[in-house]
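Reading the structure
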Amino acid sequence: MYKSVGLSALLNTFIDPSQELFNLLKVRASIAEVGNDTDPYQLFQTFSVPGAGYLGLTELQSPTVKLNPDLKPETVTSSEFGLELSMLNNRLTLDVAVYDISTEDLIFNIPVPAATGYQFEKTNIGKVTNKGLEIALGGTLLKTNDFSWNSSLFYSKNENTVEELSEGLESFVYNTSTDGNLSIKATEGGSIGDIYGREWTGEVDANGAPIASDVDVYLGNAQPEWLGGWSNSISYKDFNLSFLIDARIGGKIYSQTSADLDEAGASLRSLQYRESGVVLEGINTETGAANTVNISGQDYWTAMSNISENYLYDQDNVRLRELSIGYRIPGVESIGLDSANLQLVGRNLFFFSKEAEDIDPEVMLGTSLGIQGMSHNQMPTMRSIGLNLTLNF
């Protein structure tokens, strides 16, 4: 049985009952506990039977995941405190929320020794907390008989912490890049989306090529530090204009796409050192002295493309997410229409700023826990422009 309780109070009825300043002043608080289950048929082990076995014999195919009859649902406990405000005849609004979410007994497939006959075991592990702040500020900046301008600002920030893992489990790897140079890992005290990979040790081998570390160096986290947005709607007589600008600040992403292109010599960047070669600064492990060996551009990019640190980009970006221009066609009542509107809409039109060199930093393999922070041959974000005609009868 899961429990929840909520409480709210309309303070404006006590502070400003005549609504001379505040149209709404509301505080709220809630605490809730809910469960999060997994897919069905995940408790008792089953084996698949192929349609036709070897020499016509019946065969059982062993699964890769060992199921767990003692599996428990995840328990999510959350608390939230908020403030809602509307004032000046509803021309200014504010919504602030502070939350604290704790998730225990997360359900994951963790690696097990091959001697068990399985690759993974489905089990409950650890505890993860999320603490954050969300703010929405809106207002009517100008309003006359013919002209109006409404604007809204949004801000959100979330801090995630892996409080504990299951006994005997120091870390858990969600996913590894296909080139083996990077992994998304959870460790106690860390965060969901922590990125571990290779960095240059500062040494070169006997041939002058850079030497990479093991895939155990913390390089950053895929989660943004904060998200923001600015939405505007402007109308003048029969014309209207609206646009949305949003920002993603903080967080890292690994572009295996860029690494593969450099390794294959297919990128513009890989033209560097193609004719002259390069002598890297560092200690030559063969001589123990400063390196003097020249390597070709091909050997250089082959080695550097396997150092994931080189292809870890900041996700910082500010973009024009959407822009629309509309016109309400007058006089359509004479032809039996209630209204007619023509609208030109564009989405993902351009970046105001972007730190990632080669990719759209929001184009990841996905948003689930195991594949955040990695991009590999993903299609670019599509820019779309459309024309809409809306007729109301």
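Attention here is on the structure that accompanies the text.

Scoring rules and cut-offs
- Residues numbered from 1 in each chain as written.
- Predicted model: local features only at pLDDT ≥ 70, side-chain atom pairs only at ≥ 80, totals over all residues.
- Heavy atoms only, no water.
- Pairing = 2+ DSSP bridges.
- Helix = DSSP H or I, 4+ residues; strand = E, 2+ residues; numbered from the N terminus.
- Axes fitted to C-alpha atoms, helices over the stretch in contact; angles between N-to-C directions.
- Buried < 20%, exposed > 50% of the residue type's maximum accessible area, 1.4 Å probe, protein only.
- Phe/Tyr/Trp six-rings, centres within 6.5 Å; stacked < 30°, edge-to-face > 60°.
- Lys NZ or Arg CZ within 6 Å of the ring centre and 35° of its normal.
- Patch = residues over 30% accessible without salt bridge, like charges linked within 9 Å, V, L, I, M, F, W, Y side chains within 5 Å.
- Areas by Shrake-Rupley, 256 points an atom, 1.4 Å probe, with all protein chains shown as cover.
- Salt bridge = Lys/Arg side-chain N within 4 Å of Asp/Glu carboxyl O.

**Things to note about the pairing of strand β7 (residues 147–164)**
Relative to β7, strand β6 (residues 120–143) runs antiparallel, the two sharing 16 bridges. Its bridge partner lying in β7, L137 is registered against L153. Turn length for the β6-β7 hairpin, with the two strands adjacent in sequence and antiparallel, is three residues. Here ten bridges tie β7 to strand β14 (residues 226–236), and the two strands are oriented antiparallel to one another. Residue pairing in the sheet places N150 in a bridge with S233 of β14.

**Brief notes about the sheet that holds strand β10 (residues 194–197)**
Pairing is antiparallel across the open sheet formed by four strands, whose spatial order is β8-β9-β10-β13. At either margin of the open sheet sits one strand with a lone partner, and together these are β8 (171–176) and β13 (217–221). Across the sheet, the mean angle separating the axes of adjacent strands is 35 degrees when strand polarity is ignored. Alignment of β8 against strand β9 (residues 182–187), held across five bridges, turns out to be antiparallel. Paired with N175 across the strands is I184, a residue of β9.

**Some points on the sheet that holds strand β12 (residues 210–212)**
Here three strands make up an open sheet; going across it, the order is β12-β11-β17 and the pairing mixed. Strands at the two margins of the open sheet, each flanked by one partner only, are β12 and β17 (283–284). Where strand β11 (residues 200–204) lies against β12, two bridges are found, and the strand directions are antiparallel. Across the sheet, the residue bridging to W200 is A212, located in β12.

**Some thoughts on the environment of Y41**
Topologically, Y41 is positioned in the loop between β2 (22–36) and β3 (65–66). Judged by relative accessible area, Y41 falls into the exposed class, the value being 76%. For the pair Y41 and L153, spaced 112 residues apart in the sequence, the C-alpha separation amounts to 45 Å.

**Digging into the packing of aromatic side chains**
This model, assessed by the stated rule, comprises ten aromatic pairs. Ring geometry for Y196 against Y218: centres 5.6 Å apart, planes inclined by 65 degrees, an arrangement best described as edge-to-face. A residue pair is termed long-range when its members are at least 10 positions apart, and Y196 in strand β10 and Y218 in strand β13 qualify at 22 residues. In this structure Y218 comes out as partly exposed when scored by relative accessible area, which is 46%. Each ring, one from Y273 and one from Y300, has its centre 5.0 Å from the other, and the planes form 80 degrees; the classification is edge-to-face. Taken together, the residues Y273 in the loop between α2 (256–264) and β17 and Y300 in helix α3 (residues 297–304) connect sequence positions 27 residues apart. Given a relative accessible area of 10%, Y300 falls into the buried group. An aromatic cluster of at least three residues, connected via ring pairs, comprises F108, F172 and Y174. A cation over a ring is seen here: K185 above Y196, with NZ or CZ 4.6 Å from the ring centre. In this arrangement the basic side chain of K354 is found over the ring face of F351, its NZ or CZ atom lying 5.6 Å from the centre.

**Describing a nonpolar patch on the surface**
Taken together, the side chains of I325, L342, L344, I385, L387, L389, L391 and F393 present a nonpolar region at the surface, about 840 Å² in accessible area. Those elements that provide at least two residues to the nonpolar patch are β20 (339–354) and β22 (384–392). Here the element with the most residues in the nonpolar patch is β22; it accounts for four residues. Mapped onto the secondary structure, I385 falls in strand β22.

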